[in-house]
Amino acid sequence: MSIEARQDPTAFYTAGYSLDDHERRLKMGRWRAIGARSKAAHAAELCARADLSPARVVEIGCGDGALLSALSDLWPASRFDGFELSAPAIEIARGRGISRVERLEAYDGDRIPVEDSTYDLAILSHVLEHVPDPEPLLAEAARVAKHVLVEVPLENNRSAARPAKRAISASIGHLHAFDRASVRSLARRAGVKPVAELADPLGREHHAFFAESAKSRVAAAAKWAVRAASHRAHAPSAERMFTVHYAVLTEAA
């Protein structure tokens, strides 16, 4: 586990959005944009399954606003707020000029400064794995919204258990290795229940993004093809072998 992320999460994530290297900063922005497109597609699919058209949406842990921007394109009738630990990330998000965003604020990571049931949907996308105790944050999201959408990587698997993979996860602040059962248990303890879910082994562009050579790009494409086929064939077995992204839409239990 990342000691820095656990001891001082605000400083840890502020540093992540304050890179001095211009090229590195641009590359990480492109990486977040790729992730935002898949996360937005997951949110749209789950809400469509549940016949939910959220008028007011809040993203808790909104980072640089990449997901809010993608969602604003998919949901033209929705209004959005975003709250985030890192003040530099909020400044980046504000600079995007995202349509129909009303509030973008840095907050203390504890209590969202709004009344109960302010929103139709709260989104915690790739946030709970970074939080030392995720249950109170999920319960807080359920306080401010009628539905809560959670997305996390399922890292309780053989591939992610390798020391090198654990080190990578720790370096980006992952404090938990979830599987579906642990996410569902967390939801019950926080007072919400699943109404729709999906799992995604992610597309080729995710797997190939950091590949620098032709050989590594070929290897990344092969990895993507094997994982996608394995997950289609039998998702439970695949999720015991490698990491997928799991999204679940919940409502009050």
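See above for the structure.
Residues numbered from 1 in each chain as written. Predicted model: local features only at pLDDT ≥ 70, side-chain atom pairs only at ≥ 80, totals over all residues. Heavy atoms only, no water.

Undergrad: Can you explain the environment of Ala66? Please cite residues and give values.
TA: Position of Ala66 relative to the elements: it lies in helix α4 (residues 66-74). On the basis of relative accessibility, which here comes to 10%, the residue Ala66 falls in the buried class. Here the alpha-carbon distance between Ala66 and Ala33, two residues 33 residues apart in the chain, equals 5.7 Å. Residue contacts for Ala66: discarding those within four places in its chain leaves Arg32, Ala36 and Arg96. (Helix = DSSP H or I, 4+ residues; strand = E, 2+ residues; numbered from the N terminus. Buried < 20%, exposed > 50% of the residue type's maximum accessible area, 1.4 Å probe, protein only. Contact = heavy atoms within 4.5 Å.)

Undergrad: Outline the side chain of Glu151, listing residues and values.
TA: Mapping Glu151 onto the fold places it in strand β5 (residues 145-154). As a buried residue without a salt bridge, Glu151 has its nearest oppositely charged side chain in Lys39, at a separation of 6.2 Å. A polar atom in the side chain of Glu151 sits 2.9 Å from the side chain of His42. Apart from the residues lying within four places of it in its own chain, the contact partners of Glu151 are Lys39, His42, Leu124, Ser125, His126, Val127, Glu129, His245, Tyr246 and Ala247. (Lys, Arg positive; Asp, Glu negative; His and termini not counted. Salt bridge = Lys/Arg side-chain N within 4 Å of Asp/Glu carboxyl O. Polar contact = N/O pair within 3.5 Å; in protein donor to acceptor, adjacent residues only side chain to side chain.)

Undergrad: Give me the lowdown on the packing of helix α3 (residues 22-49) against α4, citing residues and values where you can.
TA: The N-to-C vectors of α3 and α4 enclose an angle of 45 degrees; their axes lie 8 Å apart at closest approach. In this view, α3 runs oblique relative to α4, as classed from their interaxial angle. Here the hand of the crossing between α3 and α4 comes out right-handed. Of the residues in α4, those in contact with Arg32, Ala36, Lys39, Ala40, Ala41, Ala43 and Ala44 of α3 are Ala66, Leu67, Ala70, Leu71 and Leu74. Broken down by class, the residue content of the contact of α3 with α4 amounts to 10 nonpolar, no polar and 2 charged. (Axes fitted to C-alpha atoms, helices over the stretch in contact; angles between N-to-C directions. Parallel < 35°, antiparallel > 145°, perpendicular 65-115°, else oblique. Left-handed = near helix turned anticlockwise from the far one by under 90°. Nonpolar A, V, L, I, M, F, W, Y, C, P; charged D, E, K, R; others polar.)

Undergrad: Could you give me a rundown of unusual backbone geometry, with the residues and numbers involved?
TA: In this model, Ser117 sits at a positive phi of 55 degrees, which is unusual for a non-glycine residue. Counting through the fold element by element, Ser117 comes out in the loop between β3 (101-106) and β4 (119-125). Of note in the backbone geometry, Leu202 takes a positive phi value of approximately 75 degrees without being a glycine. Of note, Leu202 is situated in the loop between β6 (192-200) and α9 (204-208).

Undergrad: Mind laying out the packing of aromatic side chains, listing which residues take part and the relevant values?
TA: The final tally for this structure, using the stated rule, is 4 aromatic pairs. An angle of 35 degrees between the planes, with centres 5.2 Å apart, marks the rings of Trp31 and Phe209 as tilted. Remark: Phe209 occurs in the loop between α9 and α10 (214-233) and Trp31 occurs in helix α3; sequence separation between them is 178 residues. Taken together, the aromatic side chains of Trp31, Phe209 and Phe210 make up a single cluster linked through ring pairs. (Phe/Tyr/Trp six-rings, centres within 6.5 Å; stacked < 30°, edge-to-face > 60°.)

Undergrad: Describe the packing of helix α6 (residues 134-144) against helix α8 (residues 180-190), listing the residues and the values that go with them.
TA: With their axes 9 Å apart at the nearest point, α6 and α8 run at an angle of 60 degrees to one another. Here α8 runs oblique to α6, going by the angle between their axes. Between α6 and α8 the crossing geometry is right-handed. Facing α6, whose interface residues are Pro134, Glu135, Leu138 and Ala139, α8 presents Leu186, Ala187, Arg189 and Ala190.

Undergrad: Provide a residue-level description of the sheet that holds strand β1 (residues 56-60), including the pertinent values.
TA: Spatial strand order, β3-β2-β1-β4-β5-β7-β6: 7 strands in an open sheet with mixed pairing. In this open sheet, the two strands that pair with only one neighbour each are β3 and β6. Taking the axes of each pair of neighbouring strands and ignoring which way they run, one obtains an average angle of 15 degrees across the sheet. Both strand β2 (residues 79-84) and β3 contribute to a ladder of 5 bridges, which runs parallel. Bridging across to β3, Phe80 finds its partner in Val101. Lying over the sheet, α4 contacts β1, β2, β3 and β4, oriented at roughly 170 degrees with respect to β2. Contacts from α6 reach β1, β4, β5 and β6 within the one sheet, and its direction differs from that of β5 by about 150 degrees. (Pairing = 2+ DSSP bridges.)

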